[in-house]
Amino acid sequence: MYVAVKGGERAIDNAHAWLAEERRGDQAVSELSIEQIRNQLTLAVNRVMAEGSLFDPDLAALAIKQSRGDMIEAIFLMRAYRTTLPRFGYSRPIETANMACDRRVSATFKDVPGGQILGPTFDYTHRLLDFALAAEGEVPEAPTVTAASERIPHVAEFLNQEGLIQTETPSEAVPPDLTREPLELPADRALRLQSLTRGDEGFVLGMAYSTQRGYARNHAFVGELRIGTVDVEMDIPELGFAIDIGEIEVTECETVNQFTGSKTEPPQFTRGYGLVFGQSERKSISMALVDRALRWKELGEDNLGAPAQDEEFVLYHCDNIQATGFLEHIKLPHYVDFQSELELIRKLRREALETVAGQVPNVAEAAE
Amino acid sequence: MDTDVLKGGFSNAPVQSAQAFRAIMTLLARPGEILGVQGAMPPAPLSVAAGVTLITLCDPETPLFLAGAWDCPEVRKWIAFHIGAPIVPRAQAHFAVGSWKDFGPVTDFAIGTPQYPDRSATLIVELETLSTDGPALRGPGIKTHTTLSLPDVETFQANATLFPLGLDFLFTSGTSIAGLPRTTKVEAT
Amino acid sequence: MTHLYTTPEAEMNAYNFAYLDEQTKRMIRRAILKGLAIPGYQVPFASREMPMPYGWGTGGVQVSAAVLMPEDTLKVIDQGADDTTNAVSIRKFFEKTAGIATTEQTTKASVIQTRHRIPEAALSEGQILVYQVPIPEPLRFLEPSEVETRKMHSLEEYGLMHVKLYEDISRHGAIATAYAYPVKVEERYVMDPSPIPKFDNPKMEMAAIQLFGAGREQRIYAIPPYTQVVSLDFDDFPFEASKADHACDLCGADDSYLDEVIMDDKGTRMFVCSDTDYCAARRHAGHVGAQGIPEKESVI
């Protein structure tokens, strides 16, 4: 006698209990604190903030702990929390020219005013597992220097002085917000950039890499990469001026790309732009390359049919929360649809076999 | 500050707006039916039903047009406080409220575009009385036919020919409300 | 950082009735009204990230949250069954965030959220059926670009769909679409009925209000009661609402959609109603299928 499976509710509760136990792991090992994650897994925290679209290192650390280190799951937790937050207003655009830089490099000039600041980079480390880290050791103190107090100008400004790089016209228009309005195509650059900065690091990296390998190739120089903190200011109408509501760490990348000119524009350099929460170098460089590839239409370039030039393709597929949800949902029950396919396949096979069977005598005759 | 302005909103917005929306949704899904709504006490000449509809559907994201006598300081203040909808000329409005006479010809309102027929205005028409005494209605939401006391016939017939573009209407009178989407065919009387 | 130290109960109570904030609900409600006014047209809406993943019914959940009132009774089904894990999870979500009554009985529900099925019992005028939709665009598998498909809908240019169906016939002798079978609504918009088996298509001309929510794709669409919904077909190859050629082995129903259950490793099959409430109600009324036993003798 067949009895339909019951007890979904209990099964779910039990699965959740088991998950909590697995997350905690061996209770003889001390539990990770939010402070430890926030301080020692900073780059993971940064990625969760960037793709979660919420600058809050404590919450990002909590999300990483709760998700057992599954980054996309942690990003999802941030996003789901973020949507419930009331919106009090909008800040002024951050001024990255006033950034207190921890790192600032340019690949286009040997030296630039403000200097090359390597900062805390992996770039020149030898990727050898450091077994000393396995034993919790003391970290040698890094030498310090008093931070330069003067403003560090953007490298693109130097090219601008010569008129060699395309000028970006400032706009007072309120940028669209894809978290409040459905994505509508064609998307303007502000919307594309918003989508890319929230986009999956791996996806944006892959897209950027494809442009380097020849799919809409447009050789990019890293004009400048800077990482540091910037003030966030908000206009308070009652006060009549803006107040500082805090500071955030961001990574900004401006690429300089060759442009041979079009009917309306003389030959000059053009830019790709990337701006990401936290120290997120790989992501911001990738973002700048993809931004540049997506600008083909406004710059009068040819559509080469490359994936990175197709804004619909890029914008509709770069969000890892959408992507992972739809991908993983196929493990949910689909037996009703499968049943209808089963019946269809049986019917088509039956008809096909009957047709073949009907043809057999003819085949035999031909053989004789 | 004028304290009257502070009054007349929902006392329990999540619940009251849910109930009001269900009524409005039912009415647009079943043209010809009349339901009662309550919970808002807007200033004259806004009816209770129109006030409830505005609070339920409008907010700072929905430009609103006030027709004729409905464009008065009391109504503007009440809307500014409880709803926050920007008051705009008719061509930019997502919603509009007023009497049929004050609306005049309804040709200037947004009827949507072929790619986005949803970008069309919803008109809240205030009537002296609202009853099922009127021309016959047929179309989606209606099993055979219904009847409704419409203020006009030709306008609604013309509107239906624009489908899938067109305007959608809600009729209000006191606490009563009815709906007429663009899909409804109004028969000549 | 006080937000880190609130209790789960306090967190949940901090959310609004039916989880969504009022402004989000208004935005969804406006989209629903336009959907009802333009039957079958997909209204774009600014779908929010929900506390369950895209693909788990976020569109349906947002529509239900915008529609529910405290006095509602909610039923949630997945594959026709109330006890499937995702149906249980969504039902619990609304019990917790909206404090509403729930039921497994189709006739007692005022709002029914469904994934992949339409209940067997005819729905009545007071009821609302909310569908979870993965890909709302019926033309998507023929034309991947949203820019193009939007154009096709605006021009009522559905030739591509007819070509596809016709190619099926010339290749297989039949239309090779078994679920998510496209329909035309009020002779205007071609619409995806969500992945229901085509057996359910004829039920879409019903007395209840039908609402469709696609969260990830940010679309809402609707069918008012008594609206014309026609499954696409050809004069010489008319649409056929097929199901397994059996009766339910538990309740004996020969008019319900059936699940095929594999009973042992020899491949023994059994066919049972996919709509668990329909099957239970029939057994309760004394109907017994070929392999069933009368309800009063069975232990539940």
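Residues numbered from 1 in each chain as written. Chains lettered and ligands numbered in written order. Predicted model: local features only at pLDDT ≥ 70, side-chain atom pairs only at ≥ 80, totals over all residues. Heavy atoms only, no water.

1. Details of the overall build of chain A
Rules: Secondary structure counts use DSSP, requiring at least four H or I residues in a row for a helix and at least two E residues in a row for a strand, with both numbered from the N terminus. Throughout, the radius of gyration refers to the C-alpha atoms, and the reference size of a globule is 2.2 Å times the residue count to the power 0.38. Under the scheme applied here, a residue whose accessible area is under 20% of the maximum for its type counts as buried, over 50% as exposed, and between as partly exposed, the area being computed with a 1.4 Å probe on protein chains only. A contact between two residues is defined here by any heavy atoms of the two lying within 4.5 Å. Note on areas: Shrake-Rupley with a 1.4 Å probe; residue coverage comes only from the protein chains shown. Counted charges follow a simple rule, with Lys and Arg positive, Asp and Glu negative, and His plus the chain ends left uncounted. Here the site of a charge means atom NZ of a Lys, CZ of an Arg, CG of an Asp or CD of a Glu.
Check the secondary structure of chain A and you find 12 helices and 4 strands. Whereas a compact globule of 368 residues would reach a radius of gyration of roughly 21 Å, chain A reaches 27 Å, over 25% beyond that. Counting only C-alpha atoms, chain A reaches 90 × 70 × 55 Å along its principal axes. When each of the 368 residues of chain A is scored for burial, the buried share is 40%. Across chain A, the fraction of contacts at a sequence separation of at least 24, relative to all contacts at a separation of at least 6, is 64%. Element-wise, carbon and sulfur atoms account for 57% of the exposed surface of chain A, whose accessible area totals about 22,100 Å². Of the charged side chains in chain A, 36 are positive and 59 negative, and the gap between their average positions amounts to 3 Å.

2. Here's the deal with the packing of aromatic side chains
Keep this limit in mind: Here a Phe, Tyr or Trp ring, Trp counted by its six-membered ring, pairs with any other such ring whose centre lies within 6.5 Å, and the pair is stacked when the planes are under 30 degrees apart, edge-to-face when over 60, and tilted otherwise. Both a distance and an angle decide whether a charge sits over a ring: NZ of Lys or CZ of Arg must be within 6 Å of the ring centre and within 35 degrees of the ring normal.
Inspection of every chain in the model, using the stated rule, returns 16 aromatic pairs over all chains. Through pairs of rings, three or more aromatic residues link up here, namely W100(B), F156(B), F169(B) and F171(B). Here the guanidinium or amino end of R119(B) rests over the ring plane of Y116(B), the centre of that ring lying 3.7 Å away. One residue, R216(C), lies across the ring of F326(A), its end atom 3.7 Å from the ring centre.

3. Re the domain arrangement of chain C
Residue and element names in this part refer to chain C. The line we're drawing: Where each domain begins and ends follows an automated or database-derived domain assignment. Once two parts are joined, some of their accessible surface, as seen by a 1.4 Å probe, is lost; buried area is that loss totalled over both. The salt bridge definition used is simple: a Lys or Arg side-chain nitrogen within 4 Å of an Asp or Glu carboxyl oxygen. We define a polar contact as two N or O atoms separated by no more than 3.5 Å, with the added condition that, inside protein, one atom must be a possible hydrogen donor and the other a possible acceptor, whereas residues neighbouring each other in sequence contribute only through side-chain atom pairs. Ten residue types, Ala, Val, Leu, Ile, Met, Phe, Trp, Tyr, Cys and Pro, are classed as nonpolar, four, Asp, Glu, Lys and Arg, as charged, and the remainder, Gly among them, as polar.
According to the domain assignment, chain C contains domain 1 (2–138 + 179–231) and domain 2 (243–294). Once you take the C-alpha centre of each, domain 1 and domain 2 turn out to be 27 Å apart. In this assembly, 14 residues from domain 1 lie in contact with 9 residues from domain 2. Summed over both partners, the interface of domain 1 with domain 2 comes to about 850 Å²; 51% of that surface belongs to carbon and sulfur atoms. Three residues stand out in domain 1 for area buried against domain 2, namely R117, E120 and F199, and they jointly supply 50% of the buried area on that side. Our enumeration of links across domain 1 and domain 2 arrives at 0 salt bridges. Joining domain 1 to domain 2, the criterion identifies 7 residue pairs in polar contact (both at pLDDT 80 or more). Across the side of domain 1 that touches domain 2, the residue classes tally to 5 nonpolar, 4 polar and 5 charged.

4. Points about the interface of chain C and chain B
Contacts between the two partners involve 43 residues from chain C and, on the opposite side, 41 residues from chain B. For the pair chain C and chain B, the summed buried surface comes to about 3,400 Å²; carbon and sulfur atoms form 62% of the total. Broken down residue by residue, the surface that chain C buries against chain B is led by R30(C), L33(C) and K34(C), which jointly contribute 19%. Here chain C is connected to chain B by 6 salt bridges. For D59(B), the salt bridge is made with R30(C), and the minimal N-O distance between the two is 3.1 Å. Linking chain C with chain B are 18 residue pairs in polar contact (both at pLDDT 80 or more). Within the residue set of the side of chain C that touches chain B, elements represented by two or more residues are helix 2 (22–37), strand 1 (43–44), helix 3 (58–67), helix 5 (146–154) and strand 8 (209–214) of chain C. Take the side of chain C that touches chain B: its biggest share by element is 11 residues, from helix 2 of chain C. A breakdown of the residues in the side of chain C that touches chain B according to their chemical character gives 24 nonpolar, 6 polar and 13 charged.

5. Quick look at helix 5 of chain C
Since there are 3.6 residues in each turn of an α-helix, residues three or four apart along the chain are aligned in direction. If you check which residues of helix 5 of chain C are buried, you get E146(C), T149(C), R150(C), M152(C), H153(C) and S154(C). On the buried face of helix 5 of chain C, the contacting elements are helix 10 (311–317) of chain A together with strand 1, helix 6 (159–172), strand 7 (189–191) and strand 9 (219–223) of chain C. With a side-chain oxygen positioned 3.2 Å from the backbone nitrogen of V147(C), the residue opening helix 5 of chain C is S145(C). Phi turns positive, to about 55 degrees, at E156(C), one or two residues after helix 5 of chain C.

6. A word on the nonpolar core
Short version of the rule: The term nonpolar core refers to a set of buried residues drawn from Ala, Val, Leu, Ile, Met, Phe, Trp, Tyr and Cys, joined through side-chain atoms within 4.5 Å.
Core analysis: the largest hydrophobic core is formed by 91 residues, its most contacted members being M25(B), L54(B), I79(B), I32(C), V67(C), F94(C) and L211(C). If you tally residues by element for this core, the top one is helix 1 (residues 13–29) of chain B, at 9 residues. Apart from residues lying up to four places away in sequence, I79(B) is in contact with L54(B), L64(B), L66(B), G84(B), A85(B) and I87(B). Core analysis: the next-biggest nonpolar cluster, separate from the first, contains 26 residues, V88(B), A96(B), A121(B) and L150(B) among them.

7. Some words on the side chain of S53(A)
Residue and element names in this part refer to chain A. Within the element layout of this structure, S53 appears in the loop between helix 3 (42–52) and helix 4 (57–66). For S53, a relative accessible area of 13% translates into the label buried. Within the local environment of S53, its side chain forms a polar contact with the side chain of R198, the two groups lying 3.0 Å apart. Aside from chain neighbours lying at most four places away, what touches S53 is V48, R82, R198 and F277.

8. Some words on the packing of helix 3 of chain A against helix 4 of chain A
Residue and element names in this part refer to chain A. Defined as follows: Simply put, an axis is a line fit to the C-alpha atoms, just over the touching stretch for a helix, and the angle between two N-to-C directions goes from 0 to 180 degrees. Any angle from 65 to 115 degrees is called roughly perpendicular, while one under 35 is roughly parallel, one over 145 is roughly antiparallel, and all others are oblique.
For the pair helix 3 and helix 4, the least separation of the axes is 9 Å and the interaxial angle reads 105 degrees. Taken together, the axes of helix 3 and helix 4 lie roughly perpendicular to each other. Residue-level inspection shows A44, V45, V48 and M49 of helix 3 in contact with helix 4, the latter providing P57, A60, A61, A63 and I64. For the contact of helix 3 with helix 4, the class distribution of residues is 9 nonpolar, no polar and no charged.

9. A few points about the interface of chain C and chain A
Many authors give the size of an interface as the accessible area that is lost as the parts come together. Listed per partner, the contact involves 68 residues of chain C and 53 residues of chain A. Together, the buried faces of chain C and chain A total about 4,900 Å²; carbon and sulfur atoms form 59% of this surface. Across the pair D13(A) and K92(C) runs a salt bridge, and its minimum N-O distance is 3.1 Å. Counting across the interface, chain C meets chain A through 19 residue pairs in polar contact (both at pLDDT 80 or more). At the level of secondary structure, the elements contributing two or more residues to the side of chain C that touches chain A comprise helix 4 (85–98), helix 5, strand 11 (258–262) and strand 12 (269–273) of chain C. When residues of the side of chain C that touches chain A are assigned to their parent elements, the largest contribution, 5 residues, is made by helix 4 of chain C. Its residues assigned to classes, the side of chain C that touches chain A comprises 38 nonpolar, 14 polar and 16 charged.

10. Quick notes on a nonpolar patch on the surface
Condition: Residues enter a patch when their relative accessible area is above 30% and they make no salt bridge; the linking distance is 9 Å between like charges and 5 Å between nonpolar side chains (Val, Leu, Ile, Met, Phe, Trp, Tyr).
Among the surface-exposed residues, L239(A), F241(A), I243(A) and I245(A) lie close enough to one another that they form a single nonpolar patch of about 360 Å² accessible area. By secondary structure assignment, the location of F241(A) is in strand 3 (residues 241–257).

11. So, the pattern of salt bridges
Considering all chains together, one arrives at 60 salt bridges over all chains under this definition. A salt bridge links R192(A) to E298(A); its shortest N-O distance comes to 3.1 Å. With R192(A) in helix 7 (residues 189–198) and E298(A) in the loop between helix 9 (281–294) and helix 10, the pair connects residues that are 106 residues apart, well separated along the chain. With a shortest N-O distance of 2.6 Å, D72(C) and R22(B) are connected by a salt bridge. In this pair, D72(C) is assigned in the loop between helix 3 and strand 2 (73–78) and R22(B) in helix 1, connecting two distinct chains. With relative accessibility at 3%, the residue D72(C) sits in the buried group. Overall, the relative accessible area of 8% leaves R22(B) in the buried class. Through salt bridges with shared partners, a single network forms among E168(A), R189(A), R192(A), E254(A), R271(A), D291(A), R295(A), E298(A) and E311(A).

12. A short note on the sheet that holds strand 3 of chain A
Adjacent strands of a sheet pair through backbone hydrogen bonds, lying either parallel or antiparallel. All names here are of chain A. Filter applied, for reference: Strand pairing is assigned whenever DSSP identifies at least 2 bridges connecting the two strands.
With antiparallel pairing, 4 strands are arranged side by side in an open sheet as 1-2-3-4. Of all strands in the sheet, those with a lone pairing partner are strand 1 (100–105) and strand 4 (270–277), marking the two edges. Recorded for the sheet is a direction-independent mean angle of 25 degrees between the axes of neighbouring strands. Here strand 3 runs beside strand 4; their pairing, made up of 8 bridges, is antiparallel. Across the sheet, the residue bridging to N257 is T270, located in strand 4.

13. Details of the environment of F313(A)
Residue and element names in this part refer to chain A. Residue placement: F313 occurs in helix 10. Taking the relative accessible area as the measure of exposure, F313 reaches 35% and is therefore partly exposed. Apart from the residues lying within four places of it in its own chain, the contact partners of F313 are F203, M207 and P307.

14. Topic: the domain arrangement of chain A
Residues and elements named next belong to chain A. Segmenting chain A into domains produces domain 1 (15–82) and domain 2 (96–119 + 152–168 + 182–325). Relative to domain 2, the C-alpha centre of domain 1 lies at a distance of 28 Å. Facing the 14 residues of domain 1 at the interface are 18 residues of domain 2. In this assembly, domain 1 packs against domain 2 so that about 1,300 Å² is buried in total across both faces, 59% of it on carbon and sulfur atoms. Broken down residue by residue, the surface that domain 1 buries against domain 2 is led by E51, F55 and R79, which jointly contribute 42%. Counting across the interface, domain 1 meets domain 2 through 3 salt bridges.

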